[in-house]
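Structural overview
Given next are the chains, with one letter for each unit.
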There are 2 protein chains.
Amino acid sequence: MTGTSPDFPARLRAAGLRPTRQRVALARLLFEGGHRHVTAEGLHVEVKATRMPVSLATVYNALNQFRDAGLLREVVVAPGRSYFDTNTGHHHHFFVEPDGELHDFPSDKVTIAGLPAPPKGTRLARVDVIVRVRR
Amino acid sequence: MTGTSPDFPARLRAAGLRPTRQRVALARLLFEGGHRHVTAEGLHVEVKATRMPVSLATVYNALNQFRDAGLLREVVVAPGRSYFDTNTGHHHHFFVEPDGELHDFPSDKVTIAGLPAPPKGTRLARVDVIVRVRR
DNA sequence: GCAGTATTTAGAATTGTTCTAAACTCCTTG
DNA sequence: CAAGGAGTTTAGAACAATTCTAAATACTGC
Ligand SMILES: [Mn+2]
Ligand SMILES: [Mn+2]
Ligand SMILES: [Zn+2]
Ligand SMILES: [Zn+2]
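Residues numbered from 1 in each chain as written. Chains lettered and ligands numbered in written order. Predicted model: local features only at pLDDT ≥ 70, side-chain atom pairs only at ≥ 80, totals over all residues. Heavy atoms only, no water.

1. Considerations on the coordination of the zinc ion (ligand 4)
Residues and elements named next belong to chain B. Within the protein, the atoms that donate to the zinc ion (ligand 4) are His 37 (NE2), Asp 85 (OD), His 91 (NE2), His 93 (NE2) and Asp 104 (OD), at distances of 1.9 to 2.3 Å. Counting gaps between the donor residues of the zinc ion (ligand 4) yields the pattern H-x47-D-x5-H-x1-H-x10-D. The class for Asp 85 is buried, based on a relative accessible area of 0%. (Donors = N, O, S within 2.8 Å, 3.2 Å for Na, K, Ca; no water. Buried < 20%, exposed > 50% of the residue type's maximum accessible area, 1.4 Å probe, protein only.)

2. Points about the protein's contact with DNA strand D
Taken together, 19 residues are adjacent to DNA strand D, and Thr 20, Gln 22, Arg 23 and Thr 58 of chain A together with Tyr 60 of chain B come closest. The contact atoms of DNA strand D, taken as those within 4 Å of the protein, divide so that sugar and phosphate hold 86%. Contact distances for DNA strand D include 3.3 Å between a sugar or linking oxygen and a side-chain N or O atom of Arg 18 of chain A. Residue Thr 58 of chain A places a side-chain N or O atom 2.7 Å away from a phosphate oxygen belonging to DNA strand D. Counting only elements with at least two residues in the surface near DNA strand D, the list comes to α2 (21-31) and α4 (56-68) of chain A together with α4 (56-68) of chain B. At four residues, α4 of chain B tops the list of elements feeding residues into the surface near DNA strand D. (Near = heavy atom within 4 Å. Polar contact = N/O pair within 3.5 Å; in protein donor to acceptor, adjacent residues only side chain to side chain. Helix = DSSP H or I, 4+ residues; strand = E, 2+ residues; numbered from the N terminus.)

3. Focus: the layout of surface pockets
Each pocket or cavity is described by its volume, and for the largest pocket that value is around 670 Å³. Around the largest pocket, the lining is made up of 27 residues, and of these Glu 97 and Arg 132 of chain A together with Glu 74, Arg 126 and Asp 128 of chain B lie nearest the centre. Where the lining of the largest pocket is concerned, the elements lending two or more residues are β2 (73-78), β4 (91-97) and β7 (123-134) of chain A together with β2 (73-78), β4 (91-97) and β7 (123-134) of chain B. A per-class count over the lining of the largest pocket returns 10 nonpolar, eight polar and nine charged. In this structure, the second largest pocket spans a volume of roughly 540 Å³. For the second largest pocket, the lining is made up of 23 residues, of which Arg 73, Glu 74, Arg 126 and Asp 128 of chain A together with Arg 132 of chain B are closest to its centre. Broken down by secondary-structure element, the contributors of at least two residues to the lining of the second largest pocket are β2, β4 and β7 of chain A together with β2, β4 and β7 of chain B. Ranked by residue count, the leading element in the lining of the second largest pocket is β7 of chain A, at four residues. Taken together, the residues that form the lining of the second largest pocket break down as eight nonpolar, seven polar and eight charged. (1 Å grid on protein atoms, 1.4 Å probe; cavity = no way out; pocket = protein on both sides within 12 Å on 5 of 7 lines; lining within 4 Å. Points joined across faces, edges and corners; volume = space filled by probe spheres on them. Nonpolar A, V, L, I, M, F, W, Y, C, P; charged D, E, K, R; others polar.)

This is the structure we're talking about:
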């Protein structure tokens, strides 16, 4: 068994978001099944293929809200292209150029030693490691 | 003495680029003085303040050509914002949100251990470490 | 200097994303 | 189980960053 089927309306409510039909449809695409890296455009294409199509503006709204609520994380790898990542745990990325594919790798085995202290008046928010590889 | 004054036309020729007035003006702004992180818009504002103003299209062309020639490196930190970095040596970045400032730090002291092997059919191009900090 | 190619330019076009304001829907309350 | 109101969705306009177009101009080798 993969466990209890996820109750998306409840998960959205828990995140402080009304479980509208559009948001539930998007949450289903994003969160049932394994982790994903999606672009707004890509998710819009997917949801349009559904019985419940959603406008592009709503896809952007939802992705930004999900990110702000901590349900997604945003990964910036290339100019003019934002990926939204359903894996919000600690991990890093391979970025395959020029295809633009993103692959996760766990951060448990990765050690980063010798980082300097944050500049005065700032505190650490996150360390992003992007390993760029080519075909 | 800081050494011989840099001969920008020669450096551009060495990079396979004709030393046009525009490219020389931009190279001067970029490469005399210490390392810099510039945006296209920012560099355009700077060069407009010069006796030799340059169109925005040419600024973009030159930045892309300089990058392709290895004179600059491009750093992507936030969606919709590309920085061009005159420091092409190994180093990493602090990114101060929400200001958008980029600061270098040397990679000599930083050790990254335990990186997994690149996905099949790819080889490593570069490892970017971006330390995100907040005020 | 001339020819010929590379470069520059203004402005249009493209791309990714956000905004606007009107229509709609979820949810609480009576 | 109706309102009624706040929150949400939507089409389309607007915006911001970047690239493209095609005509004018500037390097370079001869
Ligand atoms: Mn955003
Ligand atoms: Mn580019
Ligand atoms: Zn990821
Ligand atoms: Zn740098």
